[in-house]
Amino acid sequence: MSKTPVWALVPAAGVGKRMAADRPKQYLPLGDCTVLKHTLQRLMASQLYAGIVVALSPEDEYWPSLCLSDTEQVYRVAGGRERADSVLSGLDFIALLGSVDDWVMVHDAARPCVTETDLRRLVEEVGNDPVGGILALPVHDTLKDVESNRIQSTVDRSRVWRALTPQMFRLGLLRDALREASRNDRRVTDEASAIELKGLRPLIVEGRPDNIKITRPEDLPLASYYLEQQRCE
Ligand code: CTP
Ligand code: MG
């Protein structure tokens, strides 16, 4: 396993528009606590990280309700308008504590079902990679390329994967890549996209299908079911 420090960075500054709830989805109740608390507990329990950095909205009024103890190595930073801005803000903070060669694992606040096995697999498989890599899932459905509700063709699904988080890259490389994407007005929805824009090819590590992102209301009971199932493992 890599001896280089690994930092966790959790973008949690979104508003959860598609969830259409009375508060940002990371603060919705899930089982015995909130979505964000589950996510942070999973990261903390793994003991993989030099520190965990959470990007919060400057208007966030819910953070204190998480009641995290001061002993945990959880740092807060102000997030930005887009997810990539929130991640950049976290990277700038980590740069003050670590070095450009440190690894950073970016993990969505909205993925509370991530397992320690997946976190460890990512560190083990990416820890010696020159580029970095991400958890991803192969696609099982037949995929169609569609225009104006008409199928144009069938996509070769063996080449298509769904990108999950965590996504793990070196601090310096990821910061450069995200800054460059922002300078060039390229909107990236994950870290790998910014690395790809630099002409690099991140590694794919197959993750577990229960590492879902809570996006819409129907995802919440599903996450609750997965957490319950994981308790029996
Ligand atoms: N995120 C963030 N800063 C932003 C936007 C998103 O830190 N400006 C975070 C979210 O809090 C979430 C993760 O990035 O944990 C993934 O984004 P997404 O699922 O799109 O969450 P939201 O942007 O909150 O949801 P929506 O797109 O439905 O508004
Ligand atoms: Mg969003």
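Up top is the structure these notes are about.
Read on for a plain summary of the structure. (Residues numbered from 1 in each chain as written. Chains lettered and ligands numbered in written order. Predicted model: local features only at pLDDT ≥ 70, side-chain atom pairs only at ≥ 80, totals over all residues. Heavy atoms only, no water.)

## Considerations on the pattern of salt bridges
Basically, it comes down to this: Any carboxyl oxygen of Asp or Glu that lies within 4 Å of a side-chain nitrogen of Lys or Arg is treated as forming a salt bridge with it.
For the structure shown, the criterion picks out 13 salt bridges. Where D22 meets R23, a salt bridge forms, and the shortest distance between an N and an O atom there is 3.1 Å. Because the salt bridges share partners, they merge into one network encompassing R83, D108, R111 and E191.

## Some points on the sheet that holds strand β11 (residues 203-206)
Under the convention used in this document: Only when DSSP finds a minimum of two bridges between them are two strands counted as paired. To qualify as a helix, a DSSP run of H or I must reach at least 4 residues; to qualify as a strand, a run of E must reach at least 2; elements of each kind are numbered from the N terminus. Interaxial angle, 0 to 180 degrees, is taken between N-to-C directions of lines fitted to C-alpha atoms, where a helix line uses only the stretch in contact. By the convention used here, residues are in contact when the closest approach between their heavy atoms is within 4.5 Å.
Taken together, the seven strands give an open sheet; going across it, the order is β5-β4-β1-β6-β10-β7-β11, and neighbouring strands pair in mixed fashion. The open sheet has two edge strands, β5 (74-78) and β11, and neither has a second partner. On average, adjacent strands in this sheet sit at an angle of 30° to one another, irrespective of strand direction. Across five bridges, the pairing between strand β4 (residues 51-56) and β5 is parallel. Residue pairing across strands places I52 opposite V74, the latter belonging to β5. Contacts from helix α1 (residues 35-46) reach β1 (6-12), β4 and β5, with the element oriented near 175° to β1. Its contacts with the sheet place helix α3 (residues 116-126) against β6 (103-106), β7 (133-138), β10 (161-170) and β11, and it is angled at close to 145° to β11.

## Observations regarding the packing of aromatic side chains
How two aromatic rings sit relative to each other is given by the distance of their centres and the angle of their planes. For clarity, the cut-off: Two rings from Phe, Tyr or Trp (for Trp, the six-membered ring) form a pair when their centres sit within 6.5 Å of each other. Planes less than 30 degrees apart are called stacked, planes more than 60 degrees apart edge-to-face, and all others tilted. Each residue gets one of three labels from its accessible area relative to the maximum for its type: buried under 20%, exposed over 50%, partly exposed in between, using a 1.4 Å probe on protein chains only.
Inspection of the entire model under this criterion finds three aromatic pairs. Ring geometry for Y75 and F93: centres 5.4 Å apart, planes at 50°, overall tilted. Of this pair, Y75 sits in strand β5 while F93 sits in helix α2 (residues 83-97); the two residues are 18 residues apart in sequence, bridging distant segments of the chain. Judged by its relative accessible area of 27%, Y75 falls in the partly exposed class. Classification of F93 by relative accessible area gives partly exposed; the value is 21%.

## Topic: the site of ligand 1
Under the convention used in this document: In this text, near means that some heavy atom of the residue lies within 4 Å of the molecule or strand in question. A 3.5 Å cut-off defines polar contacts: any pair of N or O atoms within that distance qualifies, except that in protein one atom must be a possible hydrogen donor and the other a possible acceptor, and neighbouring residues in sequence count only when both atoms are side-chain atoms. Methods summary: accessible areas were calculated by the Shrake-Rupley approach with a probe of 1.4 Å, and residue burial reflects only the protein chains presented. Gly falls in the polar group here, along with every residue not listed as nonpolar (Ala, Val, Leu, Ile, Met, Phe, Trp, Tyr, Cys, Pro) or charged (Asp, Glu, Lys, Arg).
Every one of the 19 residues lining ligand 1 counts as a neighbour, but G16, K17, K25, S86 and K213 are closest to it. G16 is positioned such that a nitrogen or oxygen atom in its backbone is 2.8 Å from an oxygen atom of ligand 1. Contacts to ligand 1 include R18, whose backbone N or O atom sits 2.8 Å from an oxygen atom. Across the complex, the protein chains shield 87% of the 560 Å² of accessible surface that ligand 1 would expose by itself. For the shell around ligand 1, the secondary-structure elements that each account for two or more residues are β1 and α2. Among the residues forming the shell around ligand 1, the class breakdown is six nonpolar, five polar and eight charged.

## Some remarks on the pairing of β10
Taken together, the four bridges between β6 and β10 define a ladder with antiparallel strand orientation. Paired with V104 across the strands is F169, a residue of β10. Sheet topology places β7 next to β10; five bridges connect them, and they run antiparallel. Within β10, the residue paired with G133 across the bridge is M168.

## What to know about unusual backbone geometry
Put simply, T165 and P166 share a cis peptide bond, and its omega is 5°. Note on placement: P166 falls in strand β10. Phi at Q47 is positive, roughly 55°, even though this residue is not glycine. Here Q47 lies in the loop between α1 and β4.

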